[in-house]
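A structural walkthrough
So you can see what is in the structure, the chains are spelled out below.
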Amino acid sequence: MSNFLAQQGYEVVGVEESESGVKLANQTFPNCRFIQGSIYDLPYSELGDNFDIVISIEVIEHLFYPKELVRSAKKCLKPNGGLILTTPYHGYLKNLIMAATGKMDNHFTALWDGGHIKFFSVPTMTALLVSENYTNIKFKFAGRFPYLWKSMLCSSTIVQ
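Residues numbered from 1 in each chain as written. Predicted model: local features only at pLDDT ≥ 70, side-chain atom pairs only at ≥ 80, totals over all residues. Heavy atoms only, no water.

Concerning helix α4 (residues 66-76)
The criterion, for reference: For every residue, the accessible area (1.4 Å probe, protein chains only) is compared with the maximum for its type, and the residue is labelled buried under 20%, exposed over 50%, or partly exposed between those bounds. Every helix listed is a DSSP run of H or I at least four residues long, and every strand listed is a run of E at least two residues long, numbered separately from the N terminus. Contact criterion: two residues are considered in contact whenever any of their non-hydrogen atoms come within 4.5 Å of each other.
For α4, the complete set of buried residues consists of P66, L69, V70, S72, A73, K74 and C76. Against α3 (44-47), β3 (51-57), β4 (77-88), α7 (122-131), β5 (134-142) and β6 (151-158) lie the buried residues of α4.

See the structure below:
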């Protein structure tokens, strides 16, 4: 995604926790800039108040403290900047059907190292963003059938 956006003419800065991942990304995609950092400890002197948009793709569901992602994004955004994030969709109907068809244990398995530890629906993602003063919250969905979607894309704005 970073490379695609850079090819469209956007300035892209990616954050990666792994030192080897940063090195590989910088070598592979020289039209982007990647820095080493953690969502829990970003170099705000370098990133703070610099971005029109922060994009997080399929990350928030892996975080022990997902509120830190939306807080960190807010610190990196210019006034009226936007946050776009994607995460697997977990609505009531989808979870009910998984439970009724016996697929709940496989889907929510604790045996997948590095797997998902947080699960979001539209109301829970909305509550998270509202708690950090994001506004203009909108959702789009992808994959499978309506209300059984695989993923949701959420966009929002922060007024600072």
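On we go.
What about the environment of E19?
Within the element layout of this structure, E19 appears in helix α2 (residues 19-28). Along the chain, E19 and I35 lie 16 residues apart, while their C-alpha atoms are 8.7 Å from each other.

A word on the pattern of salt bridges
Think of it this way: side chains of opposite charge can pair up when their charged atoms draw near. Selection rule: In the sections that follow, a salt bridge refers to a side-chain nitrogen of Lys or Arg positioned within 4 Å of a carboxyl oxygen of Asp or Glu.
Per the counting criterion, the structure on display carries five salt bridges. One salt bridge connects D52 with K78, and the closest N-O pair in it is separated by 3.5 Å. Highlighted residues: D52 in strand β3 and K78 in strand β4, separated in sequence by 26 residues. Put simply, E132 and R71 hold a salt bridge, and the shortest N to O gap is 3.1 Å. Here the residue E132 occupies a position in the loop between α7 and β5, and R71 occupies one in helix α4, the gap between them amounting to 61 residues. On the accessibility criterion, E132 (7% relative accessible area) is buried. Judged by its relative accessible area of 33%, R71 falls in the partly exposed class.

Focus on the layout of surface pockets
Definition in use: Here a cavity denotes grid points, spaced 1 Å and computed from the protein atoms alone, that fit a 1.4 Å probe unable to get out, and a pocket denotes an open set having protein on both sides within 12 Å along at least 5 of 7 lines; residues with an atom within 4 Å of a point are the lining. Grid points are joined across faces, edges and corners, and a volume is the space filled by probe spheres set on the points. Polarity classes work like this: nonpolar for Ala, Val, Leu, Ile, Met, Phe, Trp, Tyr, Cys and Pro, charged for Asp, Glu, Lys and Arg, and polar for all others, with Gly in that last group.
Its boundaries defined by the atoms lining it, the largest pocket holds a volume of some 1,400 Å³. If you go around the largest pocket, you meet 40 residues; those closest to its centre are V13, G14, V15, V54 and I55. Listed by contribution, the elements that provide at least two residues to the lining of the largest pocket are α1 (2-7), β1 (13-16), α2, β2 (33-36), α3, β3 and α4. Of the residues that constitute the lining of the largest pocket, the class distribution is 23 nonpolar, 10 polar and seven charged. Approximately 280 Å³ is the volume attributed to the second largest pocket. Lining the second largest pocket are 17 residues; nearest its centre among them are P88, H107, W112, H116 and F119. Each residue belonging to the lining of the second largest pocket can be placed in one class, and the counts come to six nonpolar, seven polar and four charged.

Focus: a nonpolar patch on the surface
Put simply, the rule is: Residues qualify for a patch when their relative accessible area is over 30% and they have no salt bridge, like charges being joined within 9 Å and the nonpolar side chains of Val, Leu, Ile, Met, Phe, Trp and Tyr within 5 Å. Residue-level accessible areas treat just the shown protein chains as cover; the underlying method is Shrake-Rupley with a 1.4 Å probe.
A surface patch of nonpolar side chains, about 490 Å² in accessible area, is lined by M1, F4, I53, I55 and I57. Looking at the nonpolar patch, the element that brings in the most residues is β3, giving three residues. Under the relative-accessibility criterion, F4 is labelled partly exposed at 47%.

So, the pairing of β4
Rules: Two strands are said to pair when DSSP picks up at least two bridges between them.
Pairing analysis gives six bridges linking β3 to β4, with the strands arranged parallel. Residue pairing for β4: I55 is matched across the bridge by I84. Sheet topology places β4 next to β6; seven bridges connect them, and they run antiparallel. Residue pairing for β6: L85 is matched across the bridge by C154.

Thoughts on the sheet that holds β6
The cut-off we apply is this: Axis definition: a line fit to C-alpha positions, over the contact stretch in the case of helices; interaxial angles, taken between N-to-C directions, run 0 to 180 degrees.
The four strands lie next to each other as β3-β4-β6-β5, forming an open sheet whose pairing is mixed. Each end of this open sheet is capped by a strand with a single partner; those strands are β3 and β5. Shown here is a sheet whose adjacent strand axes are inclined to one another by a mean of 15°, direction ignored. The sheet contacts of α4 involve β3, β4, β5 and β6, and relative to β4 the element is tilted by about 150°. Of the strands in this sheet, β4, β5 and β6 touch α7, which is tilted by about 155° from β5.

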